[in-house]
Amino acid sequence: MAAVDVNAESLGVPRKQLMESSGNAVARVCRDLAEPGGSVAIVAGRGNNGGDALVAARFLTEYDVTVHLLGRPETISTDIARENWDALVACDIPHRTVIDSTAFDLGDPDVVVDAMLGTGVTGALREPEATAARAINDSSATVLAVDVPSGVDADTGETAGVAVDADHVVTFHDDKPGLDALDAAVTVADIGIPAAAESFTGPGDLLALRRHAQSHKGDHGDVLVVGGGPYTGAPALAAQAALRAGADLARVACPDHVAREVQGYSENLIVSGFDGDHLEPGHVSDLLELAAERDVVVFGPGLGDADDSLEAVREFLESYDGTAVVDADALQVVPDVDTEATLICTPHQGELVKMGGQTDTDWETRRELVGEFAAELGHTLLVKGAYDVISDGDEVRVNRTGNPGMTVGGTGDVLAGATGALACVLPPLDAAAVAAYANGRAGDVAAGEFGNGLVATDLLERLPAGLRSEIDD
Ligand SMILES: NC(=O)C1=CN([C@@H]2O[C@H](COP(=O)(O)OP(=O)(O)OC[C@H]3O[C@@H](n4cnc5c(N)ncnc54)[C@H](O)[C@@H]3O)[C@@H](O)[C@H]2O)[C@@H](O)CC1
Ligand SMILES: [K+]
């Protein structure tokens, strides 16, 4: 939900606007529960759940409304809730603050609106919320809970200690699983969160990458890139991209002559050379051993399409049960390989067609086609294009970052490496979606400087910026 919020904001629909819709929705349900002229007591906490009800108070002009704020107004925890409190006071809507819970007097209202706590609750209700919850439960009023009854966990329906026993719940955007277990009528209100905030990647998706302060080396991934042969730069780009996307270690397994080149490109990479000038089935058992110690394998950059290289990819995948990103020529092996591995395939549209998938000039049609093909394959697809389409066969996301300057060689290798790094820390669909978003963002920054003259190494340098959440700044 936090990710969707940030994405909505980036689309021009800020949270305060959603709060206005939430408050309006609360007022609408209130009108179903009491006749005009009736009395409504609003019990508001100091977070955004309370903020929703402060908005509702402004809408309920035909009722006798009293707002009880739990705690001091200075301690309201969000700007948008505070702004709505200030508006309420300025508009002279009857209000009082409850500092001493023992003196909490609800009066005898027709409806009580419980807006103490919503999805932000942690642990058992503290004071004055616990006393207020008991007072609400003891009253004869109809109880309308905002988003979730205070004290109830929205995900599980569980309570730790006292919780509000609601008759009705007006919840926002989507049903909450925890509400199903309650003995309350639930209204799901649309508050104007755009569908695009969920379907398109956005800055909110980056929130999933926040790290714990106590992180250790190795927590963020050890990536093995297998590739090189006819091309020497591709595996080096992918491995460096893995590092720039946050992996702790990036290794390249490639033919000896490529290994020398790769080491020359960057001292940050660990390189294992194998004999011969391209990958062959004879290398597979060593590769499996190397891969067993890594979090994710990126297969394909610069590998070429020699028959024995592709046979080696097939044999590898048949014995591998970890997570692999499959790119470039290695992709053609995927449709009929029997593997227990979790695969994230990163084809462009030509490669998709070669895999047996379909494409279309209309991106909305492509969305459906990619979703269906991912389900058929049983793997995650990141199909590159002006709009990248990402699906695990269940959910479909679309990425709009990037620009035509990125048609230059090597940008796909960067994307594959970044996807590998992110797959160490995120589920496959999210890893692919965030990688596409960040890679495109890095490309957009690079295009600002180099236009259509941008090259893949420009992306490497800008990947960290592409992955940086503005919220952390
Ligand atoms: N997109 C969204 O997520 C939207 C959410 N909205 C509302 O925002 C709510 C979530 O807001 P917040 O994240 O501010 O969280 P809440 O308003 O649910 O609670 C946060 C406050 O409760 C306190 N608190 C936490 N656990 C407590 C406990 N056990 N006893 C006493 N106090 C406790 C915190 O210190 C904080 O002040 C939702 O439930 C919904 O009502 C709406 O405004 C519209 C949009
Ligand atoms: K509530």
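Residues numbered from 1 in each chain as written. Chains lettered and ligands numbered in written order. Predicted model: local features only at pLDDT ≥ 70, side-chain atom pairs only at ≥ 80, totals over all residues.

## Considerations on the site of ligand 1
Definition in use: Each residue gets a C-beta atom placed from its backbone. Should that atom fall within 6 Å of a molecule or strand, the residue is termed near it. Only DSSP runs of H or I with at least four residues qualify as helices, and only runs of E with at least two residues qualify as strands; both kinds are numbered from the N terminus onward. We call Asp, Glu, Lys and Arg charged. Ala, Val, Leu, Ile, Met, Phe, Trp, Tyr, Cys and Pro are nonpolar, and the rest, Gly among them, are polar.
In the region of ligand 1, 31 residues are neighbours, and G47, N48, N49, G118 and G120 sit closest. When residues of the shell around ligand 1 are traced back to their parent elements, those giving at least two are α2 (15-33) and α3 (48-59). Of the residues forming the shell around ligand 1, the biggest block, five residues, is contributed by α3. Looking at the shell around ligand 1, its residues break down into ten nonpolar, 14 polar and seven charged.

## Things to note about the pairing of strand β11 (residues 296-299)
Which entries qualify depends on this criterion: We call a residue exposed when 12 or fewer other C-beta atoms sit within 10 Å of its C-beta, buried when the count reaches 20 or more, and partly exposed for counts in between; the C-beta positions come from the backbone. Two strands qualify as a pair provided DSSP detects at least 2 bridges between them.
Side chains of β11 alternate between two faces, with V296 and V298 and V297 and F299 buried alike. Pairing between strand β8 (residues 222-226) and β11: four bridges, direction parallel. Bridging from a neighbouring strand, V225 pairs with V298 of β11. Note: β11 against strand β12 (residues 323-326), four bridges, orientation parallel. Bridge pairing in β12 links V298 to V325.

## So, helix α10 (residues 307-319)
The criterion, for reference: Here, expected helix span is obtained from the residue count minus one, scaled by 1.5 Å. What counts as a contact is two residues whose backbone-derived C-beta atoms lie within 7 Å of each other.
Taking 1.5 Å of rise per residue, the 13 residues of α10 would be expected to cover 18 Å, and the 19 Å separating its terminal C-alpha atoms lies within 8% of that figure. Along its buried surface, α10 packs onto α9 (284-292) and β11.

## Re the sheet that holds strand β7 (residues 185-189)
Pairing between sheet strands relies on hydrogen bonds along the backbone, with the strands arranged either parallel or antiparallel. Test applied: As a rule, the C-alpha atoms of each element are fitted with a line to give its axis, helices using only the stretch in contact, and angles between N-to-C directions run from 0 to 180 degrees.
Within the open sheet, the seven strands sit side by side as β3-β2-β1-β4-β5-β6-β7. Their pairing is parallel. Strand pairing shows two members of the sheet lacking a second neighbour, β3 (95-98) and β7, which therefore form its edges. Neighbour-to-neighbour, the strand axes of the sheet open up by a mean angle of 20°, direction not taken into account. Here five bridges tie strand β6 (residues 168-172) to β7, and the two strands are oriented parallel to one another. Residue pairing across strands places V169 opposite V186, the latter belonging to β7. Across the face of the sheet, α2 comes into contact with β1 (39-44), β4 (111-115), β5 (142-146), β6 and β7 while running at roughly 155° to β6.

## What to know about unusual backbone geometry
A cis geometry characterises the amide bond from E127 onward to P128, with omega recorded as 5°. Following the sequence through the fold, P128 ends up in the loop between β4 and α5 (129-138). Residues other than glycine seldom take positive phi values, yet D147 does so here, at roughly 70°. Tracing the backbone shows D147 in the loop between β5 and β6. Using a count of 28 C-beta atoms within 10 Å as the deciding quantity, one classes D147 as buried.

## Let's talk about helix α13 (residues 411-423)
The α-helix advances 3.6 residues per turn, and as a result positions three or four apart in sequence lie on the same side. With 13 residues, α13 extends 18 Å from end C-alpha to end C-alpha; this agrees with the ideal 18 Å at 1.5 Å per step. Counting buried residues in α13 gives 13 out of 13 residues, a clear majority hidden from the surface.

## Thoughts on the sheet that holds β8
With mixed pairing, the nine strands of this open sheet are ordered in space as β10-β9-β8-β11-β12-β13-β14-β15-β16. The sheet is open, and its two edges are formed by β10 (270-274) and β16 (396-399), each paired on a single side. The sheet shows a mean angle of 15° between the axes of neighbouring strands, direction not considered. Pairing of strand β14 (residues 380-383) with strand β15 (residues 388-391), which is carried by three bridges, proceeds in the antiparallel orientation. Among the inter-strand pairings, L381 is bridged to a residue of β15, identified as S391.

## Some words on the confidence of the model for the protein chain
The condition that has to hold: Each residue carries a pLDDT score, the predictor's own confidence in it, on a scale running from 0 to 100.
Of all residues in the protein chain, 99% attain a pLDDT of 70 or more, and the chain-wide mean is 95. The complex model carries a pTM of 0.90, and its ipTM stands at 0.98.

## Observations concerning the UniProt feature "binding site: AMP" (unreviewed entry) in the protein chain
Test applied: UniProt positions are given in the numbering used here, feature names are shortened, and annotations may be inferred rather than shown by experiment.
The residues that UniProt annotates with the feature "binding site: AMP" (unreviewed entry) are G412. With respect to the helices, strands and loops of the structure, G412 is situated in helix α13. With near-sequence residues (within four places) excluded, G412 lies in contact with D327, A328, T346, H348 and K384.

## Let's talk about the pairing of β3
Note the cut-off: Whether a crossover is right-handed comes down to one check: with the strands pointing away from the viewer, does the path from the first strand over the helix to the second run clockwise; if it does, it is right-handed.
As paired strands, strand β2 (residues 64-70) and β3 are joined by four bridges and run parallel to one another. Across the sheet, the residue bridging to V67 is H95, located in β3. Handedness of the β2-helix α4 (residues 79-90)-β3 crossover: right-handed.

## Structural notes on the packing of α13 against helix α14 (residues 428-450)
The cut-off we apply is this: Each angle receives one of four descriptions, namely roughly parallel if under 35 degrees, roughly antiparallel if over 145, roughly perpendicular if within 65 to 115, and oblique otherwise. Helix crossings get a hand from a simple test, with the near helix turned counterclockwise from the far one by less than a right angle marking a left-handed crossing and a clockwise turn marking a right-handed one.
Contact pair α13 / α14: the axes reach a minimum separation of 8 Å and the direction vectors enclose 140°. Between α13 and α14, the angle is such that the two are oblique. The chirality of how α13 crosses α14 is right-handed. Here T411, V414, L415, A418, T419, L422 and A423 of α13 lie close against α14, whose contacting residues are P428, A431, A432, V434, A435, A436, A438, N439 and G443. Among the residues forming the contact of α13 with α14, the class breakdown is twelve nonpolar, four polar and no charged.

## Side note on the nonpolar core
The line we're drawing: Joined through C-beta atoms within 7 Å, a set of buried Ala, Val, Leu, Ile, Met, Phe, Trp, Tyr and Cys residues constitutes a nonpolar core.
Ranked by size, the top nonpolar core spans 91 residues in total, and within it V223, A242, A245, A418 and A435 carry the most contacts. Top element by residues in this core is α14. It accounts for eleven residues. If you look at the next biggest cluster of nonpolar residues, it comprises 56 residues, including V43, A44, V98 and A145.

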